[in-house]
Amino acid sequence: MNSVTPIKYDKKTKKRWGICLIVSGVIIFIYILLLLVDAYLFASKGKNPFPDNPLLMIFISLFFSVSNLTFPIFVISLLLSIDSSVYLRRLGKNHFEVPEDKRVYNKDLAQVPRTEKVENVYSRDSLIAGLLFLVGYVAFVAIDIYYVVKWTRLGESDSIALFIFMMLAHLFFIIFAVISYRQKDNEKYIDETDVREYGDFRKKRFSLMSAIVVLVITSAISTFGVSMAFTMTKYIYKSRNGHYDKTVDDFKAGATMTVASNDLVGERWSDRITNTDKGENLSPELSFDKVEGADYYYVYMVDETANNWVHWVATDVKVEELSTGANKKEYRDSPEFKYIGPYPPEGDGDHVYTIYVYAMKANPGRDREMEFDEPSLSGDYMYYDYLSISKVGDPNEYGNVIAYGYISGTYSR
């Protein structure tokens, strides 16, 4: 009988894809190596590692362009090299002579010499593929549940709609699992390395390699979708609780703590707190409300006129009153208490110096080195981006600052 089973790969095809894989891999390796050298020399010496030669620069630019196109070629070559290797090995296990060139046999598998006939040796692959898709579905459902629990707990009820959408989208895994599982039926399906003759209406089952490729692509799409859902919900959450579309004046308007200082006379700071020829560089006297549940208070003083130049950072204050010059008295040896008084440029007019006091539940974490005596965050950004986050990273849970207040005054010389 005549065969209707084409030969998918031969040794020559496998070899070509192998060469493609090696060449593209070498190009990508050189590309990455050049990038690493470039980054290292720029970081260490601050100069271009390549000579200032127009022709050489054109060649390097062309090489980089070709390298970018090489990445998909590398991936395709890798997949086809693996697929061809698996196919030829299975031909051998099915007692076929592995063809050097399929054109010798008119690309017809029935014409390839064979020592013994076997069939449906790999029907178990359909069961394995179905289980893999099922595992993928369970994994993404677990992520979906984590997503909705996390964001509904933080008050984002809109996340429920995205959760339902993701659950429906991930049903594709179940569909592929059912399709794969059904293909284990030998009466309806046959391996791609088996000869199907005329009159045989059985369909070719997906190979395990094909199923894995589909699984990887589906997982990549699902991962992108889940990532977008997390990012979108995080942005909405921060837009409602964070600093997006708000100003420092909006932030100050929400203050609930009363902060006072005897070193603020009228609207001007006393000379003695300054780091000038008139001052003594003493931290201001400060008093503020006691907040129930606060473990400690965070004091932060900035020159708002000079791009939030930091003058005072006290990260571990346990009391509600600080005397004038606490930086030179009870806190003189504390690394958590840093102060340098106002010293605006002469003739620069009034500078606004604001002291923020944050009542804290817990330490926000030490992943950020706090700037001092240099420009840094405004009072609202310090609150939203650092202090009020209970756990730095993911999730960004607001609520670490129970209350806050501020006091402002000017100074000039």
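Quick note: structure is the one above.
A few points on the structure.

Rules and cut-offs
Residues numbered from 1 in each chain as written. Predicted model: local features only at pLDDT ≥ 70, side-chain atom pairs only at ≥ 80, totals over all residues. Heavy atoms only, no water. Patch = residues over 30% accessible without salt bridge, like charges linked within 9 Å, V, L, I, M, F, W, Y side chains within 5 Å. Areas by Shrake-Rupley, 256 points an atom, 1.4 Å probe, with all protein chains shown as cover. Salt bridge = Lys/Arg side-chain N within 4 Å of Asp/Glu carboxyl O. Lys, Arg positive; Asp, Glu negative; His and termini not counted. Charge placed at Lys NZ, Arg CZ, Asp CG, Glu CD. Helix = DSSP H or I, 4+ residues; strand = E, 2+ residues; numbered from the N terminus. Buried < 20%, exposed > 50% of the residue type's maximum accessible area, 1.4 Å probe, protein only. Contact = heavy atoms within 4.5 Å. Axes fitted to C-alpha atoms, helices over the stretch in contact; angles between N-to-C directions. Parallel < 35°, antiparallel > 145°, perpendicular 65-115°, else oblique. Nonpolar A, V, L, I, M, F, W, Y, C, P; charged D, E, K, R; others polar. Phe/Tyr/Trp six-rings, centres within 6.5 Å; stacked < 30°, edge-to-face > 60°. Lys NZ or Arg CZ within 6 Å of the ring centre and 35° of its normal.

## A word on a positive patch on the surface
The grouping of Lys 11, Lys 14, Arg 89 and Lys 93 at the surface amounts to a positive patch. Elements with a contribution of two residues or more to the positive patch: helix 1 (11–45) and helix 2 (54–93). By the element assignment, Lys 14 lies in helix 1. When its relative accessible area of 35% is taken as the criterion, Lys 14 is described as partly exposed.

## Focus on the environment of Lys 102
The topology assignment puts Lys 102 in the loop between helix 2 and helix 3 (124–153). Classification of Lys 102 as buried rests on a relative accessible area of 18%. When the C-alpha positions of Lys 102 and Lys 8 are compared, they lie 8.5 Å apart, and in sequence the two are 94 residues distant. Those residues in contact with Lys 102, other than ones at most four positions away along the chain, are Ile 7, Lys 8, Asp 10 and Lys 107.

## Some thoughts on the packing of helix 3 against helix 4 (residues 159–169)
Between two packed helices, both the angle of their axes relative to each other and the distance between the axes serve to describe the pair. One way to put it is that helix 3 packs onto helix 4 with a least axis distance of 9 Å and a crossing angle of 175°. Taken as axis vectors, helix 3 and helix 4 run roughly antiparallel relative to one another. Taking contact as the criterion, the partners of Tyr 137, Val 141, Asp 144, Ile 145, Tyr 147, Val 148, Trp 151 and Thr 152 in helix 3 are, on helix 4, Ser 159, Ile 160, Leu 162, Phe 163, Met 166 and Met 167. When grouped by side-chain class, the residues that make up the contact of helix 3 with helix 4 number 11 nonpolar, two polar and one charged.

## Topic: the packing of aromatic side chains
Per the stated rule, a full pass over the model turns up 19 aromatic pairs. Both rings, one in Tyr 356 and one in Tyr 406, keep their centres 6.2 Å apart while their planes meet at 40°; by these two values the pair is tilted. Of the two residues, Tyr 356 is situated in strand 11 (residues 351–360) and Tyr 406 in strand 12 (residues 401–411); the sequence distance between them amounts to 50 residues. A relative accessible area of 1% means that Tyr 356 is categorised as buried. Its relative accessible area of 30% is what places Tyr 406 among the partly exposed residues. Taken together, the ring pairs connect Phe 251, Tyr 298, Tyr 356, Tyr 358, Tyr 383, Tyr 384, Tyr 404 and Tyr 406 into an aromatic cluster. For Arg 90, the ring lying beneath its charged end belongs to Tyr 122, and the centroid distance is 3.9 Å.

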